[in-house]
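# Secondary and tertiary structure notes
Each chain, written out:
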Amino acid sequence: MNIEILSIAKKERSIYDPLCKELSKMISRFAKIEDIELFNKDVTKAHTISPEASREAYSKLFAPHVVKSFNVILHPDGKLIDSYEFSKLLDGKIAVKFFIGGAYGFEDEFLKKGDSIISLGNITMSHKIAKVVLLEQIYRGFSILSNHPYHK
Ligand SMILES: C[S@@+](CC[C@H](N)C(=O)[O-])C[C@H]1O[C@@H](n2cnc3c(N)ncnc32)[C@H](O)[C@@H]1O
C-alpha cells in the first residue's frame with residue numbers, strides 16, 4: 001500500500017522532523033509512506049493578497065496530486081472520527097493520500113474533491129502538529145487493523 005501526505009509547507013528544518021521520521025519508520029512496516037511538502041512563489045504572493053487568493057494557490061499546487069487514490073482531506077470542520085473509524089480509511093486500499101492545508105485551509109471547491117473530509121478534533125493545529133498527529137493515527141490505524149498491541 002502507498003500513502004502520501006501532502007501539505008502546504010516550505011521545505012525547511014523543523015523541530016518536529018525527528019518525530020515525523022520515527023513515526024514514518026514505524027509505519028513503513030505496513031505501507032510505503034511519502035511526505036510531500038508543496039510551496040511556491042505563487043503561494044508566497046497570494047499570502048500577501050488575501051485568504052481566498054491563498055486557498056486558490058494551494059488548490060493549484062495540490063491539483064496534480066488528486067489522482068487515482070483514496071483522497072482524505074484533513075479539515076478542522078470535517079467529520080470528527082475516532083481511531084477505529086480512522087483505521088477503516090486505510091483498510092483494503094491500494095493508495096491513500098492525505099491533504100493538509102495551508103495557513104488559510106482549503107477552497108470549498110477543493111474540499112469537494114475529497115473522498116473523505118476528516119477532523120482530528122475541535123481544535124485548530126498548525127500544519128506541522130497536524131502532520132505529527134496524522135502520522136501517529138496512521139500507525140495506530142494499522143495497529144488496529146492487524147490487532148497489534150500498540151493500540152490498546
Ligand atoms: C493552520 S491550519 C488551517 C486553519 C484554517 N483556519 C482552517 O480553518 O482550515 C492548517 C491545516 O492543518 C490541518 N488541521 C489543523 N487542525 C486540524 C484539525 N483539528 N483537524 C484536521 N485537520 C487540522 C488542516 O489540514 C488545516 O488546513
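Above this text sits the structure in question.
The paragraphs below set out a description of the structure included in this document. Numbering of residues starts from 1 in each chain and follows the order in which that chain's sequence is written. Confidence filtering applies because this is a predicted model: local features only for residues at pLDDT of at least 70, side-chain atom pairs given and counted only at 80 or more, and all residues used for totals across whole chains, interfaces and linings. With hydrogens and water excluded, all non-hydrogen atoms of the structure serve as input to the side-chain values.

## A word on the sheet that holds strand β5 (residues 116-119)
Only strands that DSSP links by at least two bridges are regarded as paired with each other. Strands are runs of DSSP state E lasting at least 2 residues, helices are runs of H or I lasting at least 4, and numbering of each runs from the N terminus. With respect to topology, 5 strands assemble into an open sheet ordered β2-β1-β4-β3-β5, the strand pairing being parallel. Bordering the open sheet on either side are β2 (32-38) and β5, each of which pairs with just one other strand. Ignoring strand direction, the axes of neighbouring strands in this sheet form an average angle of 30 degrees. Judged from the 6 bridges that link them, strand β1 (residues 2-8) and strand β4 (residues 95-100) form a sheet pairing that is parallel. All axes here are fitted lines through C-alpha atoms, helices being fitted over the stretch that makes contact, and every angle between N-to-C directions spans 0 to 180 degrees.

## Some thoughts on the site of the ligand
Around the ligand lies a shell of 18 residues, among which L74, G101, L120, I123 and M125 are the nearest. A 3.5 Å cut-off defines polar contacts: any pair of N or O atoms within that distance qualifies, except that in protein one atom must be a possible hydrogen donor and the other a possible acceptor, and neighbouring residues in sequence count only when both atoms are side-chain atoms. H75 has a polar backbone atom sitting 3.5 Å from a nitrogen atom of the ligand. Note that a nitrogen atom of the ligand is positioned 2.9 Å from one of the backbone N or O atoms of M125. Coverage of the ligand by the protein chains reaches 84% of its 570 Å² of free accessible surface. Elements that contribute at least two residues to the shell around the ligand include exactly β3 (70-80), β5 and α6 (127-145). Note on residue categories: nonpolar means Ala, Val, Leu, Ile, Met, Phe, Trp, Tyr, Cys or Pro, charged means Asp, Glu, Lys or Arg, and polar means any other residue, Gly included. Taken together, the residues of the shell around the ligand sort by class into 10 nonpolar, 8 polar and no charged. When we say a residue is near a molecule or strand, we mean one of its heavy atoms is within 4 Å of it. What sets the accessible areas is the Shrake-Rupley method with a 1.4 Å probe; for residues, cover comes only from the shown protein chains.

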